[in-house]
Amino acid sequence: MAPRLQLEKAAWRWVETVKPEDISREHIELAYRVNVPACKRGACRRNCKGNPNCLVGIGEQAWLGEIDENAFHNIDDPNSERRDKNTFVGLTNLGATCYVNTFLQVWFHNLELRRSLYLCHNSRAQEHNIDSDYEPQSICEHLQYLFALLQNSNRRYIDPSGLVKALGLDTGQQQDAQEFSKLFLSLLEDTLSKQKSPSLQNVIQQQFCGQFSYVTVCNQCGRASPLPSRFYELELNIQGHKNLTECVTEFLKEEKLDGDNRYFCESCQSKQSATRRIRLHSLPPTLNLQLMRFVFDRQTGHKKKLNTFISFPEQLDMGPFLEGKEDQKCVYELSAVLIHRGVSAYSGHYIAHVKDARTSDWYKFNDEEIEKMEGKKLQLGIEEDIAETVKSQARKPKCSKGYHCSRNAYMLVYKVQEEESSASDPSRTNVEVPAFLQRLVDRDNHKFEEWCSEMADMRKQSVDKGKAKHEEVKELYELLPARDGQLYEFIPLEWLKKWLDDSTATKEIDNSLFLCSHGKLHPDKVGDAKRVSLPAAQLLYQRYGGGPRLDGSSLCKECVGQRCRVLRLKNQLNEDYREVSSQVKRTLSGEGYWVGKASLRSWRQLAMEQLEEDEHETKHSNGQTNGQGPHTTNSKGSCYGWSGNEFGPELPEGNEEEMKTFNEDILCSHGGLSILDSERRLVSSEVWTKLRAYFPKAPEFTQNQEPCQQCLTLEQEEKDNEAVSKMMALDQKNQLLNLFQEKNRPTLTKWPQGTDVLYIVPLFFVDEWRKFIRRPTKSSPVSSVGNSLLLCPHGGFMFTYDSLVNGDAQHIALLWPSEWEVISRLFIVDHPISIHCSCQATPSDSTTQYSTHPELCWECREGFIFQQQRDLREYTQATIYIRKVIEDKRMVKEAAPEPNASSSEAEEEKEEQPKVDGEKDPDFSQSEDGAKRLKLSDGNAAAAAAGGPVPVASMVKPGGIRRSTRHRKLRGEKALIVSANQTLKELKIQIMHAFSVAPFDQNLSIDGKCLTDDSATLGSLGVIPESIICLKADEPIADYAAMDDVYQVRMPEEGFKGTGLLGH
């Protein structure tokens, strides 16, 4: 089908030959495109919006043919949430709690621990009313309920948020899994110690606690000093080792104590060289071996992960490592392997491989997902493939039978090997859930079954509804097309799409937006409607309601006739335009008329807009508006190939767009002819007649029309005023020539001879006065001196002599007494301000004292100073500069990017250009000699009037000329945005990203003072806005790939600080 614009042009092509009064039914149907051929299925990729008979691509494809029942709903099968037979229950990952889930699964599979926890006294659970939800309180209660759900829940996975919340863990932050294991077992041990039963009080010790001693032997006398100790896991260093045996051997190896590390021997009563080693005395039934994969890297100052392959056996004989107790069981079987996927110590994912104590099957626990390994064998292959992104990977070594090899295992759990008779004893492998807990589990299972039933009912309702809709669509879609000669109605296209979109509820049919001012179908809206058969329309209105109904009698003849008239005038306009363009170039003979040059350039556009206004009554309010239709031109007259330059140069941009009425550009404010000859030209009476036909209300000025007398009078007055201003400026300049040229200015640092008094005025007054002197016709004369800006509300002066010498003089200008006399005569002065110098002679020496009139207001001065100091201490989002130096303090050129800089260096370093007339800089005004001078803005003036002067922004040079103190960044220097409450540690991380220098390599100093306390805030260290901090970098490490973990650290680690694991 032809594009929409082509259809629209074809619908109105007949207007070229048909007058509005000759319009027939045939022309009306052409305008409404009633007889445009309908599209066939497959002919259109999408619906033809300009064709009311195209019913293809409106959403019918989803309903024609056979449909799968699952397409009628978006509800997953509730049985997918049901626990499979003979499988275990998973745990939901709450964000970054996979490390918690792995240990919970390992501890759940410790049958002795689970059995003991079930025996713990829990009066709350035993007395709980099952009509309400059970909410455990203590850690022991949480673990009891969680283990009971893991054992007998019907759910595929359960939510551990109750326990996690009770522990106070941050679900969005991944923590050290090994530290969590230690702290949780310690907390559980402390909780169980409060149980009444002695067997329960010592469960953790009985299961996980072994004994060793640190034995130190003096090399001089041979005396052995044992120090007994308990352990809950053995922490084994894996760096430089290949198998578990090597790790255990190193853990127990002998250590020499000599030199500064010598041992004080009680027998020798002196420091002696000695040896120290660990002796294992007893091992627990459950042996936890922590493989120290996460270690502190001294080079980077952060943790890193060791991706070293370590092999470990399925059966571990600890006999060779034990001393004493020959009858102790020393053979252990592997029961769990905890895995960390990922190459970084600060990210990754934790999973657990656990052996079922009852069936000896291996399972992989990955949060909600649980996978059973085939053949009762542990399979770690896929877990080792996860970390292949590590640079310079070592090849995986071959493992002997009965051994496994892993670069990601961080904890191994071994269980002591039991005799076959006891291992097969059902009483040892079966753990029954107590009745009081099973009652709670049954209630949760009942809630789950109710949810499954509810979801199944919702799925069935959606399917039934979808099937009914399917039959309705198939029936109605066949009836939709209107045949030739058949009665029809118009239905909104968007409504039909929503009717065929099953995801939205079908509302009643609304045709009100399609009506014209005559209450019929608007011609512009026919592209947004579809012509359907009368039977189909009746069925749709019966089922969904709505209105008003638009049938064949709703085609509006009035709108079509008005559109026809406008289109014909538009066509005539082109011919008139060409004729006017031709006549305007001819030499004028006879009487002429004044026409604005801007009006003459844009008259066709104005005429088109006038026609569009006439057409607006037939234009729909929601359709195209005046000036935006397909026939309108833009302000330059680009339509019809017209450039707009045929009547002379174009006006400045914006003038033609603002013009509303033809010839208004030569109409003055008094309604007369404008006095600006350059903006108008004469045209012949023939041209004016044609233009007048389009603009009957346009202002008319004949060739003999006199310009506006009022405008001429005002112009003369303005010229007279300019002459007076020039004379005034010249007179004031001659009387105050040194002040204007900034020559022979008094300074406070070197009090001038011959006077004991100087007068003070605001620098703002001097700047504004100089501006008037330089451009008296463009600037307003200065009439008064506002010294109140420099006074506090009590009328006291705000500055001391010392403060003026040290920088506050930027706000004021000093005057000689002779200059003050002239200023007092020429201007209105509200408050005279002067500073006096007096010498007091003493027998030994003479002292000079300075005073001001009015006197200093100490109260306001102290408040002003306090506020300044407070602002320097409590800043936020301020800019400081980091300057990298080497030994000789020269700058080092840096090529690293500057992501945290406040602005580009190029923009900071470029020279400031003088402002053109009319531009206002909030900080500076540019004078002719290039000096930048501070201006008091309205806000600053208000601040000064309220009790103090404006903030310091420039400094006084010895010559008295003020220069901007805007910081100029040097090469190798970068700007950072910081806050006063930010720590030095956080600043170092910013510097690391800006300079690629790690925090541990940074030596920072400010004004010669070293910054070393990483936990101190910048405010406490004396770092203020615009400070320059020197950065001296130590020799960088060779491989910056080792900094991967450093870049992931944004804030200092807090571990489990503030959580329930530490008693909070």
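As shown above, the structure is provided for reference.
Residues numbered from 1 in each chain as written. Predicted model: local features only at pLDDT ≥ 70, side-chain atom pairs only at ≥ 80, totals over all residues. Heavy atoms only, no water.

What about the sheet that holds strand β34 (residues 846-853)?
Item 1. Taken in spatial order, the four strands make up an open sheet running β31-β29-β33-β34, and their pairing is antiparallel. Strands with a single pairing partner mark the edges of an open sheet, and in this sheet they are β31 (812-815) and β34. Along the sheet, successive strands turn relative to each other by an average axial angle of 30 degrees, direction set aside.
Item 2. Strand direction decides the pairing type here: strand β29 (residues 757-762) and β31, joined by four bridges, are antiparallel. Its bridge partner lying in β31, Tyr759 is registered against Leu815.
Item 3. Across the face of the sheet, helix α27 (residues 817-826) comes into contact with β29 and β31 while running at roughly 105 degrees to β31. (Pairing = 2+ DSSP bridges. Helix = DSSP H or I, 4+ residues; strand = E, 2+ residues; numbered from the N terminus. Axes fitted to C-alpha atoms, helices over the stretch in contact; angles between N-to-C directions. Contact = heavy atoms within 4.5 Å.)

Overview of empty space enclosed by the protein
Item 1. This model, assessed by the stated rule, comprises four cavities of 30 Å³ or more.
Item 2. Here the second largest cavity defines a volume of roughly 40 Å³.
Item 3. As for the second largest cavity, its lining consists of Leu91, Asn101, Thr102, Gln105, Tyr350, Phe365, Asn366 and Asp367.
Item 4. Those elements that provide at least two residues to the lining of the second largest cavity are α3 (98-108) and β17 (362-366). (1 Å grid on protein atoms, 1.4 Å probe; cavity = no way out; pocket = protein on both sides within 12 Å on 5 of 7 lines; lining within 4 Å. Points joined across faces, edges and corners; volume = space filled by probe spheres on them.)

Focus on the pattern of salt bridges
Close approach of charged atoms allows side chains with opposite charge to pair.
Item 1. Under the defined criterion, the tally for this structure stands at 25 salt bridges.
Item 2. Asp524 serves as the salt-bridge partner of Arg563, at 2.9 Å between the closest nitrogen and oxygen. One end of the pair, Arg563, is in helix α18 (residues 557-584); the other, Asp524, is in the loop between β22 (509-510) and β23 (529-533), and 39 residues separate them in sequence. Asp524 shares its class with Arg563; the two are buried.
Item 3. By sharing partners, the salt bridges in this structure join Arg277, Arg279 and Glu323 into a single network. (Salt bridge = Lys/Arg side-chain N within 4 Å of Asp/Glu carboxyl O. Buried < 20%, exposed > 50% of the residue type's maximum accessible area, 1.4 Å probe, protein only.)

Section: the packing of aromatic side chains
Item 1. Under the criterion given, the structure shown has 31 aromatic pairs.
Item 2. Summarising the aromatic geometry, the rings of Phe294 and Tyr410 are spaced 6.4 Å apart at their centres and angled 50 degrees between planes, so their arrangement reads as tilted. Of the two residues, Phe294 is situated in strand β11 (residues 294-297) and Tyr410 in strand β20 (residues 409-416); the sequence distance between them amounts to 116 residues.
Item 3. Judged by its relative accessible area of 9%, Phe294 falls in the buried class.
Item 4. With relative accessibility at 0%, the residue Tyr410 sits in the buried group.
Item 5. Each ring, one from Phe448 and one from Trp451, has its centre 6.1 Å from the other, and the planes form 25 degrees; the classification is stacked. On the criterion of helical spacing, the pair formed by Phe448 and Trp451 is a turn pair, its members being three residues apart in helix α15 (residues 435-479).
Item 6. The exposure class assigned to Trp451 is partly exposed, which follows from its relative accessible area of 34%.
Item 7. An aromatic cluster is present here, built from Tyr99, Phe103, Trp107, Phe180, Phe184, Phe294, Tyr350 and Tyr410 joined pairwise through their rings.
Item 8. In this structure, Arg114 is placed above the aromatic ring of Phe108, and the distance from its NZ or CZ to the ring centre is 3.8 Å.
Item 9. Directly above the ring of Phe995 sits Lys974, whose terminal nitrogen or CZ lies 5.2 Å from the centroid. (Phe/Tyr/Trp six-rings, centres within 6.5 Å; stacked < 30°, edge-to-face > 60°. Lys NZ or Arg CZ within 6 Å of the ring centre and 35° of its normal.)

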